[in-house]
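# Fold and contact review
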Amino acid sequence: MKNKEPKEPFSLPKPGFIIGDQCIYNGNGGNFEHRFPGNGEIQCQIPIAGAIEVEKAILAADTAFSDWKKIAASKRRDLLFKLADLVTENSEEFAWIGAREVGSPISGVRMIPQKFEAWTKYAAGWADKLEGRVVSNPRDDSVLDYTLLEPYGVIGMILTWNGPLMALAMKLGPALAAGNTVVIKPPESTPFTAFRLMQLVQQAGFPPGVINLVTGGAEAGQALVKHPLVKKIAFTGGTQIAKNIATSIAPLLKPAIWELGGKSANLIFSDADMQSAVRYSARQPLFLAGQGCILPTRLLVEKNIEAEFTERLIAEVASLQIGDPMEYETELGPVISKSAQSRIFDMISKSKELGDGTLSFGGGLPKDVDPNGYFVEPTIFTNVKPNSLIAQKECFGPVIVLMPFKTEDEAIEIANSTAFGLGAYIQSSDISRCNRLIEKLHAGGIFINGAPTARENAPFGGLEFSGFGREGGRDGMLEYTRVKNIGINTSRQ
Ligand code: NAD
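Conventions and cut-offs
- Residues numbered from 1 in each chain as written.
- Predicted model: local features only at pLDDT ≥ 70, side-chain atom pairs only at ≥ 80, totals over all residues.
- Heavy atoms only, no water.
- Pairing = 2+ DSSP bridges.
- Helix = DSSP H or I, 4+ residues; strand = E, 2+ residues; numbered from the N terminus.
- Axes fitted to C-alpha atoms, helices over the stretch in contact; angles between N-to-C directions.
- Contact = heavy atoms within 4.5 Å.
- Salt bridge = Lys/Arg side-chain N within 4 Å of Asp/Glu carboxyl O.
- Buried < 20%, exposed > 50% of the residue type's maximum accessible area, 1.4 Å probe, protein only.
- Phe/Tyr/Trp six-rings, centres within 6.5 Å; stacked < 30°, edge-to-face > 60°.
- Lys NZ or Arg CZ within 6 Å of the ring centre and 35° of its normal.
- Domains from an automatic or database assignment.
- Buried area = accessible area lost by both parts, 1.4 Å probe.
- Parallel < 35°, antiparallel > 145°, perpendicular 65-115°, else oblique.
- Left-handed = near helix turned anticlockwise from the far one by under 90°.
- Nonpolar A, V, L, I, M, F, W, Y, C, P; charged D, E, K, R; others polar.
- Near = heavy atom within 4 Å.
- Polar contact = N/O pair within 3.5 Å; in protein donor to acceptor, adjacent residues only side chain to side chain.
- Areas by Shrake-Rupley, 256 points an atom, 1.4 Å probe, with all protein chains shown as cover.

## Some words on the sheet that holds strand E14 (residues 358-361)
- The mixed open sheet is built from seven strands, whose spatial order is E14-E15-E16-E13-E12-E17-E18. Single-partner strands in this sheet number two, and they are E14 and strand E18 (445-448). Averaged over all pairs of adjacent strands, the angle between their axes in this sheet comes to 25°, without regard to strand direction.
- Where strand E13 (residues 298-302) lies against strand E16 (residues 399-405), five bridges are found, and the strand directions are parallel. When the bridges of E16 are listed, Arg298 appears paired with Val401.
- With respect to the sheet, helix H14 (residues 408-415) is in contact with strand E12 (265-268), E13 and E16, its orientation differing from that of E16 by roughly 150°.

## Some remarks on the pattern of salt bridges
- Per the stated rule, a full pass over the model turns up 19 salt bridges.
- Measuring nitrogen to oxygen at the nearest pair gives 2.6 Å for the salt bridge that ties Asp85 to Lys121. On the criterion of sequence distance, the pair formed by Asp85 in helix H2 (residues 73-89) and Lys121 in helix H5 (residues 112-126) is long-range, its members being 36 residues apart.
- The partner of Arg279 in a salt bridge is Glu316, with the nearest N and O atoms 3.6 Å apart. Within this pair, whereas Arg279 is found in helix H10 (residues 274-283), its partner Glu316 is found in helix H11 (residues 306-318), the two being separated by 37 residues in sequence.
- Owing to a relative accessible area of 47%, Arg279 belongs among the partly exposed residues under this scheme.
- One salt-bridge network, held together by shared partners, links Arg77, Asp78, Asp128 and Lys129.

## A closer look at the side chain of Arg100
- Assignment of secondary structure puts Arg100 in helix H3 (residues 91-102).
- Judged by its relative accessible area of 15%, Arg100 falls in the buried class.
- Discounting residues that sit within four places of it in the chain, Arg100 has contacts with Glu8, Leu12, His34, Phe36, Pro37, Gln43 and Met326.

## Description of the sheet that holds strand E19 (residues 481-489)
- As summarised here, the arrangement of the three strands in space is E5-E6-E19, forming an open sheet in which the pairing is antiparallel. Edge positions in the sheet fall to strand E5 (134-135) and E19, since each of these pairs with one other strand and no more.
- Of the pairings in the sheet, the one linking E5 to strand E6 (residues 143-151) comprises two bridges and is antiparallel in character. In the strand pairing of E6, Val135 is matched with Asp145.

## Remarks on the packing of aromatic side chains
- The full count for this structure, using the stated rule, is eight aromatic pairs.
- Across from the ring centre of Phe36, 4.2 Å away, lies the NZ or CZ of Arg100, which sits over that ring.

## Here's the deal with the pairing of strand E4 (residues 42-47)
- Judged from the five bridges that link them, strand E3 (residues 31-35) and E4 form a sheet pairing that is antiparallel. Opposite His34, over in E4, you have Cys44 as the bridge partner.
- Taking the residues that link successive antiparallel strands as the turn, the E3-E4 hairpin has six residues, and the phi of Gly40 there is positive, at about 75°.

## Quick look at the domain arrangement of the chain
- Assigned domains within the chain: domain 1 (17-260 + 467-484) and domain 2 (265-455).
- Placing the centre of domain 1 and that of domain 2 at their C-alpha centroids yields a distance of 30 Å.
- With 30 residues of domain 1 at the interface, the matching set in domain 2 holds 29 residues.
- Between domain 1 and domain 2 the total buried area reaches about 2,200 Å² when both faces are included, carbon and sulfur atoms providing 63% of it.
- By the criterion of area lost to domain 2, the three top residues of domain 1 are Pro37, Pro105 and Trp161, representing 22% of everything that side buries.

## Some points on the packing of H2 against helix H7 (residues 192-204)
- The interhelical angle for the contact between H2 and H7, taken along N-to-C directions, is 130°, at an axis separation of 9 Å. What the angle tells us is that H2 and H7 run oblique. Between H2 and H7 lies a crossing whose hand is right-handed. When H2 is examined against H7, the residues Leu79, Lys82, Leu83, Leu86 and Val87 are found in contact with a partner set consisting of Leu197, Leu200, Val201, Gln203 and Ala204.
- Of the residues contributing to the contact of H2 with H7, the split by class is eight nonpolar, one polar and one charged.

## Description of the site of the ligand
- Near the ligand you find 26 residues, and of these Leu159, Thr160, Gly238, Leu260 and Glu394 are the closest.
- Separating an oxygen atom of the ligand from a side-chain N or O atom of Thr160 is a distance of 2.6 Å.
- Here an oxygen atom of the ligand sits 2.9 Å away from a polar atom, N or O, in the side chain of Lys185.
- Burial of the ligand by the protein amounts to 85% of the accessible area it has alone, namely 860 Å².
- Those elements giving two or more residues to the shell around the ligand turn out to be helix H8 (218-226), strand E10 (230-236) and helix H9 (239-249).
- With three residues, H8 is the largest single contributor of residues to the shell around the ligand.
- Counted by class, the shell around the ligand contains 13 nonpolar, 10 polar and three charged residues.

Laid out in structure tokens, this is it:
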């Protein structure tokens, strides 16, 4: 018998906008029919924010800022700790909402609330440790020179849909701990997690207006980024939308953190532990059905192990349990929407037509799943041309491409050949080789032999078309402060 969650252990919250102390259920942007990706059934009508709601949210955040930046740092820290604990107390519900909202298997998203707690508590710990420094003055010791780290004011957060609670974890704690107030804009496809979190924000006792929520699309996003009271943008999404936003905010010279797409390479050498390398290289790119920015979707395999590795990779992928995201056994669920499913199928058939590589596994609809769900079979292209479409373009679906290489230099050349630079991965037992490669790989983060990504105390972010700015760690905290320099001539009264 299948180990299935009871039919409805929780219910989806009816999402609205949180603006100051108000909860509003109607938006000027109209409505969005939210469908469960597992079977395509409508599960809720979502109000979409227009420019009017966004403006109100910004004004609420701006009003709250003057008090929030002045309250004791320990109070900001304690509120964030309380919020983190509340999320953990409700972790089963957040996992359930995440699975219903995005279609990610519940077994895969169950650890995200704990990650939220870790990220938020890490950031909270910085609240009373963000200090300036005394600057020495080599020519005039009568001048006392020092710096202050100040918050920006209102931060506009534009989120994508693939990991709603994780995206909030990476942004909210650092911005708030540093004394900023925020307006969060998730897309209409993932309104539930953010709304449920806002209920806990209220329960934790945050002052109204410190965190505001307006769910919506491009209209809401534009209203947010262009508003003069929004002092910095924290964006997670695709490269093209980032370019559009960058163009919109250029006249305002507004700073932004860009967490964008990727096509990360995983370099597999013959000296790697084969079993671990196969398991990692098969499963990691298919996490969230391949809908993750930093997933290692390009496998670069040393030629002398290509045949054995490919055979074992296909066997590992074939063993994955595909199905209803609400079932605990499910390891691979659907993608987010019908349009995402069509886009991925289009990309697969175009790559077949173009002869980008050999379709060695998958490429169609999986068997034994709800035919109305947005499923895509896990797909493997082998012997792929490094400069082809499927090797260069982000697919954001369960598609792995495999390319052989003969030398380290060739591996580096292929790995660095895309416009992105988010992550790079190495599977090798030769530490000297790893050290050589670290220097040459063009990526914001390099992860060796299965080391985890996106840890709360380490900087996460990309290069080039993967964006810039960092989330996590000390670097992530400093993104939400700006430096003020003070000079005092102490020789004058
Ligand atoms: P997207 O770029 O289409 O949308 C991102 C956000 O921008 C959404 O909230 C959307 O409503 C908003 N938006 C759209 N048009 C806008 C406009 N003109 N002005 C202001 N806001 C606008 O991205 P997506 O399809 O939602 O997400 C997929 C992308 O996100 C992928 O490229 C993926 O790699 C990337 N991603 C990056 C990270 C990271 O941390 N680097 C994490 C997850 C996803």
